[in-house]
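# Fold and geometry: a report
Letter by letter, the chains look like this.
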Amino acid sequence: ENMKLAELIKEYDERFNHILGYRRMTSWINHFNHTNYKQKRVHLVMKKLGIRAVIRKKKKKYIFSKPETIAENKLGRDFYATAPNEKWATDVTEFKYGTGDDEKKGKIYLSVILDLCGKRPVAVEYSDHNDNPLVLNTFDKAIAANPGVTPLFHSDRGYQYTSRAFHHKLEQAGMTQSMSRVARCIDNGPMEGFWGIMKREMYYGKKYKTKDELIKAIEDYIDYYTNKRVQRKLCVLTPQEYYEKQLLLVA
């Protein structure tokens, strides 16, 4: 259990640029991973890892990169959808592979679009690079599998989602764009929750030696989550079964 907690702490410390003290680290991990770790335990593991919040001095000549396009938070943390393809959310996360000195180490970036009606993965794409093509390819897959749908499309303010190229694709598809507010990751709570469940069930506490081994595990888990993992919130149905049932109701 401490190994799982240590992996979570290292991930959140890296993701949020070393700004989380043990109190906020405890709150954020518990919120997004549905856990109940105590502050004392998190504090002890952070000390063991040598992780602590870093207070940075303001740089005099820091140039902020200006996003090409931005959108207001039209989703407004209303994560409930009454029908399929009414609201989509998306995000990118990373997975590491290679565990020993004699093994090739690397990262895989996974991009997923979720339908908030049942949390069904609409499209999945992975790449060695967290870049525009990764996000654009994920969106193209989603459109190809669901032609003609026009959901509210929510994301954070990552540079891929604020690019003109991505905004143009949304306009062509007739979708309305929504973005989380600055430094408010909870505005994209469903994606954070999905990553937490996925990594807890197939990643934390496990070691993947090769890229192919990790990709196979990711693909197997997405299939399991979509087609085999029943959820009480979905009336003991899988996301795919719930999606198909809701389609019949709105037909």
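In this report, the structure presented in the accompanying data block is examined. Every value quoted in this text rests on a predicted model; they were computed, and no experiment measured them.

### Some words on the packing of aromatic side chains
For the coordinates displayed, the defined rule picks out 12 aromatic pairs. Pairing Y161 with F166 gives two aromatic rings, centres 5.5 Å apart and planes at 75 degrees, and the pair type is edge-to-face. With relative accessibility at 2%, the residue Y161 sits in the buried group. Cluster of aromatic residues (ring-pair linked, three or more members): W88, F139, F153, Y161 and F166. Over the face of the ring belonging to Y12 we find R15, whose NZ or CZ atom lies 5.3 Å from the ring centre. Here K199 stacks its cationic end above the ring of F95, 5.0 Å away from the centre of that ring.

### Details of the sheet that holds strand β3 (residues 120–127)
With respect to topology, 5 strands assemble into an open sheet ordered β3-β2-β1-β4-β5, the strand pairing being mixed. Each edge of the sheet is formed by a strand with only one pairing partner; in this case those strands are β3 and β5 (176–179). On average, adjacent strands in this sheet sit at an angle of 25 degrees to one another, irrespective of strand direction. Across 10 bridges, strand β1 (residues 87–97) lies against strand β2 (residues 106–115) in antiparallel orientation. Following the sheet pairing, F95 is matched in β2 by I108. Its contacts with the sheet place helix α4 (residues 132–145) against β1, β2, β3 and β4 (152–155), and it is angled at close to 145 degrees to β3. Each of β1 and β2 touches helix α6 (residues 189–202); the most contacted strand, β1, lies at about 35 degrees to it.

### Looking at the environment of Y225
Structurally, Y225 is set in helix α7 (residues 211–227). Under the relative-accessibility criterion, Y225 is labelled buried at 4%. When the C-alpha positions of Y225 and V250 are compared, they lie 24 Å apart, and in sequence the two are 25 residues distant. In this structure, Y225 is in contact with K119, P121, F194, Q231 and P239, ignoring residues within four places of it in sequence. Here Q231 takes part through its side chain, which lies 3.4 Å from a polar atom of the side chain of Y225.

About the criteria used
Residues numbered from 1 in each chain as written. Predicted model: local features only at pLDDT ≥ 70, side-chain atom pairs only at ≥ 80, totals over all residues. Heavy atoms only, no water. Phe/Tyr/Trp six-rings, centres within 6.5 Å; stacked < 30°, edge-to-face > 60°. Buried < 20%, exposed > 50% of the residue type's maximum accessible area, 1.4 Å probe, protein only. Lys NZ or Arg CZ within 6 Å of the ring centre and 35° of its normal. Pairing = 2+ DSSP bridges. Helix = DSSP H or I, 4+ residues; strand = E, 2+ residues; numbered from the N terminus. Axes fitted to C-alpha atoms, helices over the stretch in contact; angles between N-to-C directions. Contact = heavy atoms within 4.5 Å. Polar contact = N/O pair within 3.5 Å; in protein donor to acceptor, adjacent residues only side chain to side chain.

None of this, on its own, says anything about what the molecule does.
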